[in-house]
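Examination of the molecular architecture
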Amino acid sequence: MEKHLFLAGHTACYGCGEALGARLVVDAAGPDIITTDATGCLEVFTTRWPQSAWGVPFIHSLFENSAAIASGVEAALKALGRQAEAKVIAQGGDGGTADIGLQALSGMFERGHDILYVCYDNEAYMNTGVQRSGLTPYDSDTRTSPAGKVSWGNRFLKKDMPAIAAAHGVPYIATATVAYPKDLEAKVKKALKITGPKYVQVHVPCPLGWKSDPALTVKVAKLAADTGLYPIFEMENGVITKVRKISKPQKPVAEYLKIQGRFAHLFKKTGGEEEIKKIQEIADANIKRYGLA
Amino acid sequence: MERIKNILPPGEYFFEGNEACAEGALAAGCRFFAGYPISPSSEIMERLARRLPDVGGVFIQMEDEIASIGAVIGAAWAGAKAMTATSGPGLTLMLENIGYAIMTETPCVIVDVQRAGPSTGQATRPYQGDLMQVRWGSSGDYQIIALSPWSVQEMYEMMVEAFNLAEDYRVPVFIMSDAAIAHLRETCTVSEELSISHRVKSHGTPHFGTEDQLGVPPMASFGEGEELLITGSTHDELGYRRTQDPTVQKRLVSRLSEKILRNARDIIQTEGYFLEDAEVALVAYGICARAALEATKRAHQAGLKVGLLRLKTLWPFPEEEIKGLKVQKIFVPEMNLGQMVREAERVAEVEVVSVNRVDGEVITPGEILEAITT
């Protein structure tokens, strides 16, 4: 059996995309890493007595400061002349990265710490019971963006975190998905060879929050990438250097939306077609912007 | 005070504490909520996310707790009755802004659904660890008001009181709930009418001082034609920064406390049970007081003269009520390592004994009874 550094026996839900994502990241990074992690599902399901899932050093920061604690670890290693011993990987969920943790992440980018920051993006606050975050997609039904008589769900677009990272001059930025593990592993390995701050955002479906079939996690993730809703790309020194082309013929976003309960209202309520059209426009704009076709 | 119709049809409802909290806020006239998810308080924001649009209000999920209380302060100055809800670690993030709200005399309600700490602690377990955090967590000298409900019904009613007190005294008012009260389901009776306080308005008078330098000034909102200059720096009665003037600092910081302390008799609410001939008194609040009442009843059945003083108001601290207890000994059961007991010791004229439970479970009547009898 293959030996993992992110171990089995944790308490994630069936079909958890985040558990899969974390395993791929940690295994690709290898044993010589120190990890930090913001409050969230990953912290909770990997650290429960008597089983830690971490085969590498792990420190839970609080919610807002994974990047800040990682900054301290990295700067101290450097000061102690120990930077060759281990790479630092800071981790957080979408809320811990794009909302409450953004200030600390911005500081980490600005100061140029030699840290790989990984955002596991499951598109809502799942640990506290599915509330929207800054990375929740448009029209998604969550506990704090409920779809109903007066609302189609979340009214805001996903915060463009890669562009925010790019604006800080971060030398390596990538998006990835658990649907394409080899691609994700290659990006982690590449990032760790680059000195300075790196940002990798991994799309990780959450069957509980997305109300999707746990058996279909990889399929759901594939459709997100293949419809253009979750563009998969690499950006080096501010320039897009590589994209994952969507499969042809182009799949309509409805195929992705209809297998998730968080979008079920779009297929039930009058006017839903118009909303789906708007989401198609988001995908089409991504395809054009990143050259995914 | 104005009598208004309740927004819910009168009758009996089966609410959990967090739902009653949200509904009580709406009844009180709250039309603005800004918050950030945190267990065990999230159901308050989740219910308000659905309910506020129904009543023409605003629900905003903010990016963190700092922004949440910031938006509440902004909304209050825009004229809304505004609130947020959180738990201990979130409250900690809010503390700087809470100090700002105290300094700028911004009425608002902050619900703290306490969980076991420190830090992340036990996110879903009840605790009473934030008594001193709300009192002393922000910098400097000040007084705040804090209330603690012991039932779902009282949670509903206290939200109305909290908004009224916030308006009456221009101060942040805390509701000290906990994970047990938050998720307890009980019958909640909704009355046909209720009394609510309105913000006191006046034209052309200072918004940060009164003539006697002791009271609560009127408060204008943005856009009402008043000159509004609001700052967290030391300011005079017109709001101008006066950070080098010892007289202004002394006057302001004294009034921020005096406006509460001089009215403490009107603010403080307690309830007594079996205290008439009691030789021993329990002093308790929140979910803990329910266990204490049951312990009191059991003690009576056993022929022991035990009474209960239940604190509905935690801050300002009910000093006179505790000082006035005609007993030989006071027991203070708390779900912490002893926070309120220090206040009780400070004011009581008899021996005070701490009874603690700190494992994230609700203290039981049996534990309290055992402490009294051994």
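Residues numbered from 1 in each chain as written. Chains lettered and ligands numbered in written order. Predicted model: local features only at pLDDT ≥ 70, side-chain atom pairs only at ≥ 80, totals over all residues. Heavy atoms only, no water.

Residue and element names in this part refer to chain A. Running from N to C, helix α3 (residues 66–79) and helix α5 (residues 102–111) cross one another at 35°; their axes reach a closest spacing of 7 Å. Of the residues in α5, those touching α3 at A67, A68 and S71 are A104, L105, M108 and R111. Of the residues belonging to the contact of α3 with α5, the class tally is 5 nonpolar, 1 polar and 1 charged. (Axes fitted to C-alpha atoms, helices over the stretch in contact; angles between N-to-C directions. Helix = DSSP H or I, 4+ residues; strand = E, 2+ residues; numbered from the N terminus. Contact = heavy atoms within 4.5 Å. Nonpolar A, V, L, I, M, F, W, Y, C, P; charged D, E, K, R; others polar.)

For the rest of this paragraph, the subject is the domain arrangement of chain B. All names here are of chain B. One can read the domain layout of chain B as domain 1 (2–196) and domain 2 (271–373). Its C-alpha centre places domain 1 at a distance of 26 Å from the equivalent point of domain 2. Listed by partner, the interface residues are 28 residues for domain 1 and 29 residues for domain 2. Roughly 2,300 Å² is buried in total at the junction of domain 1 and domain 2, and carbon and sulfur atoms are behind 56% of that figure. Considering only the surface of domain 1 that becomes buried against domain 2, Q128, L131 and W150 emerge as the three largest contributors, covering 36% of it. Our count for the contact surface shared by domain 1 and domain 2 stands at 4 salt bridges. K312 is the salt-bridge partner of E154, the closest N and O atoms lying 3.7 Å from each other. Scanning the region where domain 1 abuts domain 2 turns up 15 residue pairs in polar contact (both at pLDDT 80 or more). Secondary structure elements with two or more residues in the side of domain 1 that touches domain 2: β7 (122–126), α5 (131–136), β8 (145–147), α6 (152–169), β9 (172–178) and α7 (179–183). Examining the composition of the side of domain 1 that touches domain 2, we find that 4 residues originate from one element, α5, more than from any other. (Domains from an automatic or database assignment. Buried area = accessible area lost by both parts, 1.4 Å probe. Salt bridge = Lys/Arg side-chain N within 4 Å of Asp/Glu carboxyl O. Polar contact = N/O pair within 3.5 Å; in protein donor to acceptor, adjacent residues only side chain to side chain.)

Let's shift gears to the sheet that holds strand β17 (residues 351–356) of chain B. All names here are of chain B. Spatial strand order, β12-β14-β13-β16-β17: 5 strands in an open sheet with mixed pairing. Strands with a single pairing partner mark the edges of an open sheet, and in this sheet they are β12 (270–273) and β17. Neighbour-to-neighbour, the strand axes of the sheet open up by a mean angle of 20°, direction not taken into account. Sheet topology note: the β12/strand β14 (residues 306–311) ladder contains 4 bridges and is antiparallel. Each bridged residue has a counterpart across the sheet, and for Y273 the counterpart in β14 is L308. Packed onto the sheet, helix α10 (residues 286–301) meets β12, β13 (280–284), β14 and β16 (329–334) and runs at close to 165° relative to β14. (Pairing = 2+ DSSP bridges.)

Turning our attention to the pattern of salt bridges. Residues and elements named next belong to chain A. For the coordinates displayed, the defined rule picks out 44 salt bridges over all chains. Note that E123 and K158 form a salt bridge whose closest N and O atoms lie 2.7 Å from each other. Remark: K158 occurs in the loop between β4 (115–121) and α6 (161–167) and E123 occurs in the loop between β4 and α6; sequence separation between them is 35 residues. Judged by its relative accessible area of 3%, E123 falls in the buried class. (Buried < 20%, exposed > 50% of the residue type's maximum accessible area, 1.4 Å probe, protein only.)

Listed by partner, the interface residues are 18 residues for chain B and 18 residues for chain A. Interface of chain B and chain A: buried area, both sides summed, is about 1,400 Å²; carbon and sulfur atoms make up 54% of it. Of all residues in chain B, Y36, E46 and Q61 of chain B bury the most surface against chain A, accounting for 36% of the area lost on that side. Run the count over chain B and chain A and you get 1 salt bridge. The residue E46 of chain B makes a salt bridge to R143 of chain A at a minimum N-O spacing of 2.7 Å. Summed over the shared surface of chain B and chain A, the result is 6 residue pairs in polar contact (both at pLDDT 80 or more). Looking at the side of chain B that touches chain A, the elements with two or more residues in it are α2 (42–54) and β4 (58–61) of chain B. Per-element tally for the side of chain B that touches chain A: the top contributor is α2 of chain B, with 6 residues. Here the residues of the side of chain B that touches chain A are counted per class, giving 8 nonpolar, 5 polar and 5 charged.

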